[in-house]
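Listed below are the residues making up each chain.
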Amino acid sequence: MVIECKHVWEHISGYLDGTLEPEVLRMVQEHLEHCEICSAILDSTRNILILTADERVFELPLGYSDRLHARLDEELKSAEAVVRKAP
Amino acid sequence: MPEIDESRNEAEMIAAILAGESQRFHDLIRPYERSVYVMALSFVHDEFDAEEIAQEAFLKAFRNLASFRGEAKFGTWLISITLNEARSRLRRKKLIKMEPLEASNDDDGSHVSPALLRDWKEIPSEALERSEMRSLLQKAVEGLPPIYREIFVLRDIEELSIAETADVLQITVASVKVRLHRARVALQKTLAPQLKQINSKGRWFPWS
């Protein structure tokens, strides 16, 4: 069975996640073999997902971890003080 | 299996913390510093606010540690706390005008069309050394409508499974799939033309 490009687009995400039903997967694969537009859409989407997941895209602010642990430390120490006071 | 070891190790740390070894909380949360911050940042788009949300989320996690039952992974539980913290802060700041009507949106069959192109030259991760590239990607993720951004960050940046994402957002697996699909296609539509332009002078067909 032949499917049109726009039907293939509905399955891009499922294709990348490997969650397509076997029959749908087969149709999509067959379409991709001869459709350069859909192949390029798939490749670009996959590429974009890899890039956005890269740790360099969202960088932690300088000193973030130190400030976090300092803040936690205040809380932990006061919690410990409460525990010590308890009979 | 490292994942099982990891959660056993975490369960052991959590028990110790609850028994009074509070200082071990520092070690417990170290692997999650980054994901909590990125989750917060994707909501507030401001480093300072994101850091405050992250701190607050970790503090809440500590104060409520006794209520963590171990049904979910600790990391997923932490992300849920962060999500709630970020949402309630946004509500306080009234930055959210109105949440879109979501439930009816998921199955309306409306199509999100990708950007059409005929060939794609893979962009290597080294391209991320350029700040121009990082900022394009950041802006595109931040520019997604909130219900798609949440899904995208949880699933594709934090790398939660589809089931975990559904748990955190308290929506069905089917809704996760639909929204994730739209989020990914929307990003492709925004980014593919921009990235392609940066990457090469290849042929580009802007029909749609």
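J.: Mind showing me how you'd approach the interface of chain B and chain A here?
T.: Interface extent is often summarised as the accessible area lost during association of the parts. Residue-level contacts link 44 residues of chain B with 35 residues of chain A. Contributing elements (two or more residues each) for the side of chain B that touches chain A: helix H2 (25-29), helix H3 (33-44), helix H4 (47-63), helix H6 (131-142), helix H7 (146-157) and helix H9 (173-199) of chain B. When residues in the side of chain B that touches chain A are grouped by element, the largest group, 9 residues, is from H9 of chain B. For the side of chain B that touches chain A, the residue count by class is 22 nonpolar, 11 polar and 11 charged.

J.: What exactly am I supposed to notice about the packing of H3 of chain B against helix H5 (residues 74-93) of chain B here?
T.: Axis angle and axis distance: for two packed helices, these are the angle between their axes and the distance between the axes, and together they describe the pair. All names here are of chain B. One way to put it is that H3 packs onto H5 with a least axis distance of 10 Å and a crossing angle of 25°. One way to sum up the angle between H3 and H5 is to call them roughly parallel. Crossing hand, H3 versus H5: right-handed. Contacts from Ser 35, Val 36, Met 39, Ala 40, Phe 43 and Val 44 in H3 reach Leu 78, Ile 79, Thr 82, Leu 83, Ala 86 and Leu 90 in H5. Tallied by class, residues from the contact of H3 with H5 come to 10 nonpolar, 2 polar and no charged.

J.: Teacher, can you tell me more about the confidence of the model for chain B here?
T.: Note that predicted coordinates carrying low pLDDT should not be read in detail. On average, chain B scores 85 in pLDDT, and the residues at 70 or more come to 85%. Reported confidence for the predicted complex is 0.86 by ipTM and 0.83 by pTM.

J.: It is not clear to me how the nonpolar core should be interpreted in this structure. Could you clarify?
T.: A general feature of soluble globular proteins is that nonpolar side chains tend to end up buried together. Residue and element names in this part refer to chain B. Of all hydrophobic cores here, the largest spans 66 residues; its most connected members are Val 36, Ala 40, Ala 54, Leu 78 and Phe 152. In terms of residue count, H9 provides more of this core than any other element does, 9 residues in total. Inspection of this core shows a minimum of three residues originating in each of domain 1 (2-93) and domain 2 (109-199). Leave out the neighbours within four places in its chain, and Ala 40 touches Ala 50, Ile 53, Ala 54, Thr 82 and Ala 86.

J.: Sorry if this is basic, but what is going on with unusual backbone geometry here?
T.: Most peptide bonds adopt trans geometry, and most residues besides glycine take a negative phi value. Residues and elements named next belong to chain B. Its identity is not glycine, yet His 45 carries a phi of approximately 55°, on the positive side. On the basis of neighbour count, His 45 is assigned to the partly exposed category, with 13 C-beta atoms found within 10 Å. Even without glycine at this site, Gln 170 takes up a positive phi of about 55°. By the element assignment, Gln 170 lies in the loop between helix H8 (162-169) and H9.

About the thresholds
- Residues numbered from 1 in each chain as written.
- Chains lettered and ligands numbered in written order.
- Predicted model: local features only at pLDDT ≥ 70, side-chain atom pairs only at ≥ 80, totals over all residues.
- Contact = placed C-beta atoms within 7 Å.
- Helix = DSSP H or I, 4+ residues; strand = E, 2+ residues; numbered from the N terminus.
- Nonpolar A, V, L, I, M, F, W, Y, C, P; charged D, E, K, R; others polar.
- Axes fitted to C-alpha atoms, helices over the stretch in contact; angles between N-to-C directions.
- Parallel < 35°, antiparallel > 145°, perpendicular 65-115°, else oblique.
- Left-handed = near helix turned anticlockwise from the far one by under 90°.
- pLDDT = per-residue confidence, 0-100.
- Core = buried A, V, L, I, M, F, W, Y, C linked by C-beta atoms within 7 Å.
- Buried ≥ 20, exposed ≤ 12 C-beta atoms within 10 Å, placed from the backbone.
- Domains from an automatic or database assignment.

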